[in-house]
Amino acid sequence: MTSTQQSLYDLAPLIEVMALGAAIALGPLAWVWWRGRGGTPVRRLQALTVLTLFLTFDLVMFGAFTRLTDSGLGCPDWPGCYGNASPVGAVAEISAAQQAMPTGPVTHGKAWVEMIHRYLATGVGVLIIVLTVGAWRQRGRTPALSPWWPTATLVWVCLQGAFGALTVTMKLFPAIVTLHLIGGLVLLVLLCVQAVRQTQMTQGVAPVALQGGLRWLLGGAAALVALQSVLGGWVSTNYAVLACTTFPQCQGSWWPDMAFAEGFQVWRALGVLQDGSHISFAALTAIHYVHRLAAYGVLLVLGLLVWRLARAGQLRDQARWLAGLSLLQFVTGLSNVVLDWPLVAAVLHTGGAAALIVVLTWALAASRTMAGTARAPSIPKRVSA
């Protein structure tokens, strides 16, 4: 391993970064303890799970902000910043990099954005550790509360941290950055399932019984939104948003020139192909247009799901959220195209996708497939004499 590679990982500030994350986590922990001081441990655990879900969603949004402001390499090493726990100790190095490239990846502002993202991620990790310990402590007292869900969440957040480190050390490798985004969405799913089930247990609410076809539609919609989120992440990590700046056509055509094999060559560095050549504009167009075409189908399925839920009179809250978020995704996606990728719209678009996944997970966890009705006994025909 070369000295350059060794410098990408400097574990000297790791303890300090973890301490800062623990300090951040003390605020939510103190709030949950104060609000639930008269309640049961299970209710406090449920409140902490909901709060951790909310903060993880905020973390995903801030991660989008970090990526969209080109701050992912604001500190080009991990876990600290030039071997320091904060940009304060790296002023000289950051200043030198900023002077060499004033609009480059390393500036004082970008360094702070990147490190704040790491502090918040560490704080969420501490909260998940507390959730895991609390669930195992309640294992014998509350059999219905499985400790394996928070344990799986803890394992996953550690993997997510590893992908965060690779995002920096592999210089925004598109596949790694996309996997890091997917990891954040999976983390939201894990926490949402726990929050819903714990809330049902503490409130004594049974899952809503849905007809088999409606529940299949709900699961299918969740799968399609997850796939669309992956495609959206691939658009963002390859900076392909502005490959098409008109709507509904792209580059004045309903079927522009596209290079699908290049666009969906997964394992390659940013901006180049596996053979070292630069990625073509046709490849970026293919990445963008596939995401756009898929969006039409996803919106149709979500519209059908909202209509079916409204008609059945079930999961009304989730149906309203799905309708509103679908509209938000359409507006922000269109704004990204025709308004030259404004930062607010871009961050909201990522947040809308994450929110859709949370609401669909909420709906799935809060429901079950209706049991089939028992077959009525046959009535023997009267036999004439």
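Residues numbered from 1 in each chain as written. Predicted model: local features only at pLDDT ≥ 70, side-chain atom pairs only at ≥ 80, totals over all residues. Heavy atoms only, no water.

The subject of this paragraph is helix H3 (residues 41-68). Its 28 residues place the ends of H3 40 Å apart at the C-alpha level, agreeing with the 40 Å of an ideal helix rising 1.5 Å per residue. Phi turns positive, to about 55°, at Asp-70, one or two residues after H3. (Helix = DSSP H or I, 4+ residues; strand = E, 2+ residues; numbered from the N terminus. Expected span 1.5 Å × (residues − 1).)

A few words on the packing of H3 against helix H7 (residues 174-203). Packing of H3 against H7 leaves a shortest axis separation of 9 Å and a crossing angle of 160°. In terms of their interaxial angle, H3 and H7 are classed as roughly antiparallel. Our pair here, H3 against H7, has a crossing hand that is left-handed. For the pair H3 and H7, the contacting residues are Val-42, Arg-43, Leu-45, Gln-46, Thr-49, Val-50, Thr-52, Leu-53, Thr-56, Phe-57, Val-60 and Arg-67 in the first and Val-177, Gly-184, Leu-187, Leu-188, Leu-191, Cys-192, Gln-194, Ala-195, Gln-198, Thr-199, Met-201 and Thr-202 in the second. Partitioned by chemical class, the residues of the contact of H3 with H7 number 13 nonpolar, nine polar and two charged. (Axes fitted to C-alpha atoms, helices over the stretch in contact; angles between N-to-C directions. Parallel < 35°, antiparallel > 145°, perpendicular 65-115°, else oblique. Left-handed = near helix turned anticlockwise from the far one by under 90°. Contact = heavy atoms within 4.5 Å. Nonpolar A, V, L, I, M, F, W, Y, C, P; charged D, E, K, R; others polar.)

Further remarks concern the domain arrangement of the chain. Splitting the chain by domain gives domain 1 (1-205) and domain 2 (209-369). Between domain 1 and domain 2, the contact holds 26 residues from the first and 28 residues from the second. At the boundary of domain 1 with domain 2, total buried surface from both sides reaches about 2400 Å², with 81% on carbon and sulfur atoms. By the criterion of area lost to domain 2, the three top residues of domain 1 are Leu-68, Phe-173 and Pro-174, representing 23% of everything that side buries. The interface formed by domain 1 and domain 2 holds zero salt bridges in total. Applying the counting rule to domain 1 against domain 2 returns three residue pairs in polar contact (both at pLDDT 80 or more). (Domains from an automatic or database assignment. Buried area = accessible area lost by both parts, 1.4 Å probe. Salt bridge = Lys/Arg side-chain N within 4 Å of Asp/Glu carboxyl O. Polar contact = N/O pair within 3.5 Å; in protein donor to acceptor, adjacent residues only side chain to side chain.)

Before going further, it helps to examine the packing of aromatic side chains. Between two aromatic rings, the relevant description is the distance of the centres plus the angle of the planes. Taken as a whole and assessed by the stated rule, the structure comprises seven aromatic pairs. Centroid distance Trp-255 to Phe-260: 6.2 Å. Interplanar angle 35°. Geometry classified as tilted. Ring plane angle 75° and centroid distance 6.2 Å describe the contact between Trp-255 and Tyr-289, whose orientation is recorded as edge-to-face. Here Tyr-289 lies in helix H10 (residues 281-312) and Trp-255 lies in the loop between helix H8 (212-237) and helix H9 (260-263), a separation of 34 residues in the sequence. By way of ring pairs, the aromatic residues Trp-255, Phe-260 and Tyr-289 are connected into one cluster. If you follow Arg-37 out to its NZ or CZ, it ends over the ring of Trp-34, 3.8 Å from the centre. (Phe/Tyr/Trp six-rings, centres within 6.5 Å; stacked < 30°, edge-to-face > 60°. Lys NZ or Arg CZ within 6 Å of the ring centre and 35° of its normal.)

Our focus in this paragraph is the layout of surface pockets. By rolling a water-sized probe across the atoms, one finds the places where empty space is left. The computed volume of the largest pocket comes to approximately 1000 Å³. Together, 42 residues line the largest pocket, and Ala-121, Gln-160, Gly-161, Gly-164 and His-180 are the ones closest to its centre. When contributions to the lining of the largest pocket are tallied by element, the ones reaching two or more residues are helix H2 (14-35), H3, strand E2 (78-79), helix H5 (108-137), helix H6 (148-169), H7 and H8. At ten residues, the largest contribution of residues to the lining of the largest pocket is made by H6. (1 Å grid on protein atoms, 1.4 Å probe; cavity = no way out; pocket = protein on both sides within 12 Å on 5 of 7 lines; lining within 4 Å. Points joined across faces, edges and corners; volume = space filled by probe spheres on them.)

Counting through the fold element by element, Thr-169 comes out in helix H6. Look at Thr-169 and you get buried, because its relative accessible area is 10%. Each residue touching Thr-169, except ones within four places of it in the same chain, is listed here: Leu-8 and Tyr-9. (Buried < 20%, exposed > 50% of the residue type's maximum accessible area, 1.4 Å probe, protein only.)

Further remarks concern empty space enclosed by the protein. Using the criterion set out here, one finds one cavity of 30 Å³ or more in the structure. In this model, the largest cavity occupies a volume close to 700 Å³. If you go around the largest cavity, you meet 35 residues; those closest to its centre are Gln-228, His-291, Gln-329, Gly-333 and His-349. Top element by residues in the lining of the largest cavity is H10. It accounts for eight residues. For the lining of the largest cavity, the class distribution of residues is 21 nonpolar, twelve polar and two charged.

By secondary structure assignment, the location of Phe-163 is in helix H6. Linking Phe-163 and Phe-247, residues 84 residues apart in sequence, is a C-alpha distance of 35 Å. With residues up to four places along the chain from it excluded, the contact list for Phe-163 reads Ile-176, Leu-179 and His-180.

Here the amide bond leading from Trp-78 into Pro-79 is cis, since omega sits at 5°, within 30 degrees of zero. Positionally, Pro-79 belongs in strand E2. At Asp-70, a residue that is not glycine, the phi angle is positive and equals roughly 55°. Here Asp-70 lies in the loop between H3 and E2. Residue classification places Asp-70 among the partly exposed residues on the basis of a relative accessible area of 37%.

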